Amino acid sequence: MSTAIHWFRADLRLTDNTALYHAARNHRTLYPLFVLDPSILLSPTNGAPITAFFFAALESLRHDLARHGIPLTLRYGLPRDVIPAFIRETRAQALYFNKDVEPAAIARDQEITRIAQSLGLQVHAFEDNSILPPTAVLKPDGSPYTVFTPYSKNWLSNKIPPPLPQPTFQAPTPPPRPPSDPIPSLSSLNLTLKISIPPATETAAHERLTHFISGPLLHYRSHRNFPAIDGTSRLSPYIRAGLISTRTIYHAAQAALQKHPQAADEIHTFIKELIWRDFYRQILYHFPHAATSAFRPEYNDIPWENNPDLFQAWCQGRTGFPLVDAAMRQLNTTGWMHNRLRMVVAMFLTKDLHISWQWGERYFMQHLLDADLACNNGGWQWSASTGTDAAPYFRIFNPNSQAAKFDPHGAFIAQYVPEHNDLTYQPIVDHNTRRLRTLALYKLTPRH
């Protein structure tokens, strides 16, 4: 039994954490480490909401580990500098971490693996951030799926691994307490938090899951598209920070299915949303170019108008389209947006205002508590018809029809846009005119 380092990243929990479980089980002494990476913290796509949420989650993790007598070490710097120094300092023999699918993270982990192995360490990297790994669901010829429906059918035929045994964290011998850097202030990162963040703890994540499973899940299919109703899980910030695993959520939904067979359609619809998350993660893994350009390369040539004034109107929720404005104000004041509304505002930005999906994608990354590259990129490209969506580009939401259908009594709009009935509240573009222009823009691509 030797000494190991567990490198925490987006897995800030003790429960159902694959790499942490094996590190604690196989080694006498364990040093948990989190690297405050300036290449992430100072990135222009990094926002105050998710940073504040992660920092609060780190404080919670520190507290949870301390109850077991284990210190969490924080170090500011690039992983390629911090981790070799920490290996020498602790005289560790093994390094554990959970894998990621983002292109930059994969390159980083490959570099760290080479460095650690050159120092004589065993490196153990685990699949943990998806229910099924990105290589688990493939076509018969071994190639990745690029359309959701056949992917989901194959996904459902796979055996889902259960959560790790409880209790999942058997504390090894407490190590000496290494020096630890403080969590940076948001102001030192040139970030300003304008919202209140929810409790960022593992306990809060499980309480939210319990609330969802006991009520909203049983009506999920019926209620999920209505933003005035508490009909969704609201688990996405907790999933993003790794305060709860999607594997745990999936099995909780399966248990509810056994208990409430009459709600099978409702529950299966929620499980489909978990599959969407796995789908977008495997897309990013197999097609890393999607992180920075259109998944379908021919749509890199769309001649976007990119009017900065129209973009600012969209950002601030003053487009004159009530549902769009209410959604953007929800994002700006809470750090979260209902999933139906994410599609509405994304399609409005790209197909009514003719602004690049990448502008909207970045704004979401800067303002969402659950900012996740794979899911955010996949959703934006789906809405812009540059991504994996099998439907053609001429699917264009009418934001007023969406409001009539999904906020029929105006309850959600009234909460965020009380002035929507004023005579001075007018749309900044004509939807029908812009729709025709959208069809022309897409037809200008080489594919057409």
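Reading the values: rules and limits
- Residues numbered from 1 in each chain as written.
- Predicted model: local features only at pLDDT ≥ 70, side-chain atom pairs only at ≥ 80, totals over all residues.
- Heavy atoms only, no water.
- Salt bridge = Lys/Arg side-chain N within 4 Å of Asp/Glu carboxyl O.
- Helix = DSSP H or I, 4+ residues; strand = E, 2+ residues; numbered from the N terminus.
- Buried < 20%, exposed > 50% of the residue type's maximum accessible area, 1.4 Å probe, protein only.
- Phe/Tyr/Trp six-rings, centres within 6.5 Å; stacked < 30°, edge-to-face > 60°.
- Pairing = 2+ DSSP bridges.
- Right-handed = clockwise from strand over helix to strand, strands pointing away.

K.L.:
Quick question: what am I supposed to make of the pattern of salt bridges here?
P.N.:
Two side chains that carry opposite charge are able to pair once their charged atoms sit near each other. This structure, assessed with the given rule, holds 20 salt bridges. Measuring nitrogen to oxygen at the nearest pair gives 3.7 Å for the salt bridge that ties Arg221 to Asp265. Separated by 44 residues along the polypeptide, Arg221 in helix 8 (residues 220–223) and Asp265 in helix 11 (residues 264–286) bring together distant segments of the chain. When its relative accessible area of 49% is taken as the criterion, Asp265 is described as partly exposed.

K.L.:
Help me understand the packing of aromatic side chains in this model?
P.N.:
Remark: the centre distance and the inter-plane angle together describe each pair of aromatic rings, the angle taken between the planes. Counting across every chain of the model gives 28 aromatic pairs. Centre to centre, the rings of Trp155 and Tyr250 are 5.8 Å apart; their planes meet at 75°, and the pair counts as edge-to-face. Linking Trp155 in helix 6 (residues 148–157) with Tyr250 in helix 10 (residues 246–259), this pair joins segments that are 95 residues apart in sequence. Given a relative accessible area of 0%, Trp155 falls into the buried group. Three or more aromatic residues joined by ring pairs make a cluster, and in this case those are Tyr145, Phe148, Tyr151, Trp276, Phe279 and Tyr280.

K.L.:
I keep staring at the pairing of strand 4 (residues 94–98) and nothing clicks. Help me out?
P.N.:
Moving residue by residue along a regular strand, the side chains alternate between the two faces of the sheet. Counting buried residues in strand 4 gives five out of five residues, a clear majority hidden from the surface. Side-chain alternation along strand 4 places Ala94, Tyr96 and Asn98 on one buried face and Leu95 and Phe97 on a second face that is also buried. In this structure, strand 4 lies alongside strand 5 (residues 122–126), joined through five bridges in parallel fashion. Following the sheet pairing, Tyr96 is matched in strand 5 by His124. With helix 5 (residues 103–118) bridging strand 4 and its parallel neighbour strand 5, the resulting β-α-β unit is right-handed.

K.L.:
Mind showing me how you'd approach the pairing of strand 2 (residues 29–36) here?
P.N.:
Most of strand 2 is tucked away: eight of the eight residues are buried. Residue alternation in strand 2 divides its side chains into two sets, Thr29, Tyr31, Leu33 and Val35 and Leu30, Pro32, Phe34 and Leu36, and both sets are buried. By the bridge criterion, six bridges tie strand 1 (residues 3–8) to strand 2 in an arrangement that is parallel. Across the sheet, residue His6 finds its bridge partner in strand 2, namely Pro32. The β-α-β motif built from strand 1, the intervening helix 1 (residues 18–26) and the parallel element strand 2 has right-handed crossover chirality. As judged from the four bridges shared by strand 2 and strand 3 (residues 73–76), these two strands associate in the parallel manner.

Interpretation in functional terms is not warranted from these geometric data alone.
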